[in-house]
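Coordinates in review
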Amino acid sequence: MTSVLITPPGQSTATDGGDGLDSLRSLPAVPPVQAAATSARKSARDACPGCGSDEGALVAQGVRDHEYDAPGTYDWIGCGECGLIRLFPQPSDAVLNAAYPPGYQAYRDHGSKLVGWYVARRRLRRAAELARLVSDNGAVLDVGCGTGKLLSAMRPLGRFRLCGVEYRDEAAVNARRSGLSVWTGELEDAPLTPRSFDLVIMEHVIEHVRDPRATLTRIAGLLKSGGVLVGETPNLASWERRAFGKYWGGGHCPRHLTLFAPGALERLLRACGFAEVRIAHPIYSAHLALSLQNWFRRRETTAAGLQGGRAWYYPLLCSAAMLPALVAARRHNSSVIRFEARLSRD
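Once a new chain begins, its residue numbering starts again from 1 and follows that chain's sequence as written. Since the coordinates come from a predicted model, pLDDT governs what is reported: local features require at least 70, and pairs of side-chain atoms require 80 or more to be given and counted, while whole-chain, interface and lining totals use all residues. Processing note: side-chain calculations cover all non-hydrogen atoms of the structure and skip hydrogens and water entirely.

Glancing now at the pattern of salt bridges. Any Lys or Arg side-chain nitrogen located within 4 Å of an Asp or Glu carboxyl oxygen qualifies as a salt bridge. For the coordinates displayed, the defined rule picks out 14 salt bridges. Linking Asp136 and Arg159 is a salt bridge whose minimum nitrogen-to-oxygen distance equals 3.1 Å. A residue pair is termed long-range when its members are at least 10 positions apart, and Asp136 in the loop between helix 4 (113-131) and strand 5 (139-143) and Arg159 in the loop between helix 5 (149-154) and strand 6 (161-166) qualify at 23 residues. We classify Arg159 as exposed; its relative accessible area is 57%. Between Glu266 and Arg270 there is a salt bridge; the shortest N-O distance is 3.1 Å. On the criterion of helical spacing, the pair formed by Glu266 and Arg270 is a turn pair, its members being four residues apart in helix 9 (residues 262-271). Here the term buried applies to any residue with accessible area under 20% of the maximum for its type, exposed to any over 50%, and partly exposed to those in between, with areas from a 1.4 Å probe on protein chains only. Judged by relative accessible area, which is 13%, Glu266 ranks as buried. The exposure class assigned to Arg270 is partly exposed, which follows from its relative accessible area of 39%. Each of Arg122, Arg126, Glu129, Glu203, Glu232 and Arg338 takes part in a single network of salt bridges with overlapping partners. Put simply, DSSP marks the helices as runs of H or I at least four residues long and the strands as runs of E at least two long, and each gets a number from the N terminus on.

Okay, here's the thing in structure tokens:
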């Protein structure tokens, strides 16, 4: 959960399964009954959000919410055209509302002092990294800002113009209480001026949106010439996803609607107008800890006994996961990919 950044020297993207297609090619063939079901999925809502294809391979069945008991079971469908994995069927708005309860972990303080310390340390380091990407008096937009803690951490680092967009009203209210300008709702509906931002932040957000292509295109239109988009998202090409399958902590079903491999994400960013894309691998232990928690609780039918989606032993799992997370990052196969995409200058 610390934020040390390890980038392959002399290259911008990972080379091990980086396009997302190799990981799909390595999957066993889809049984005929499953293949028939997959080929029957023709709904525009369930087409690949990256390229629009409605064909794909069945990656996992019976994926469900192990954290908050949101209703439904789902499949992960891997697109053979662009390498993204999408959730099928796409959950309704009512299901997604249930998937983000008031105790949702991104909106609450961590019950464990150890985890809270790690998260606060990571946030401060990340804020310092972001502050170096924008000049003083620069305009910064945090999409999916939650309660505004990252923007608040940037405040003392410069005279930035800070604002955010947050889907959940209770989180946006808390952000505004700290003095931030935050719009409640979807980015697509936010009354933001085109070409007005120097930096846009999307920390663990792109996987939550229904149409990532439309969202990235909108962000490209909000950035000034030479502006930068930065963010993080789970890495579907990681060893953790391969090892844990439907129990992978980075899946966060049904909140994560689309999962990306490094190469697939880079191609999508370039298709949406970004000229320079850099991919890196931070050390990140939280997904491995949650994968283990999901595995240990795989026979549980409800999330009873969890606090904010986490078991009492989750902090111990985070500590134990640090060494494997460090090794994975050094091998450029972290469970999280960090991206930095810049528009060309006029």
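Back to the text.
A few words on the sheet that holds strand 2 (residues 57-63). Taking strand neighbours across the sheet as the criterion, the four strands line up as 2-3-4-10 in an open arrangement whose pairing is antiparallel. Both edges of this open sheet fall to strand 2 and strand 10 (258-259), since each of them pairs with a single strand only. Pairing analysis gives four bridges linking strand 3 (residues 74-78) to strand 4 (residues 85-88), with the strands arranged antiparallel. Across the sheet, the residue bridging to Ile77 is Arg86, located in strand 4. Whether two strands pair comes down to DSSP finding at least two bridges between them.

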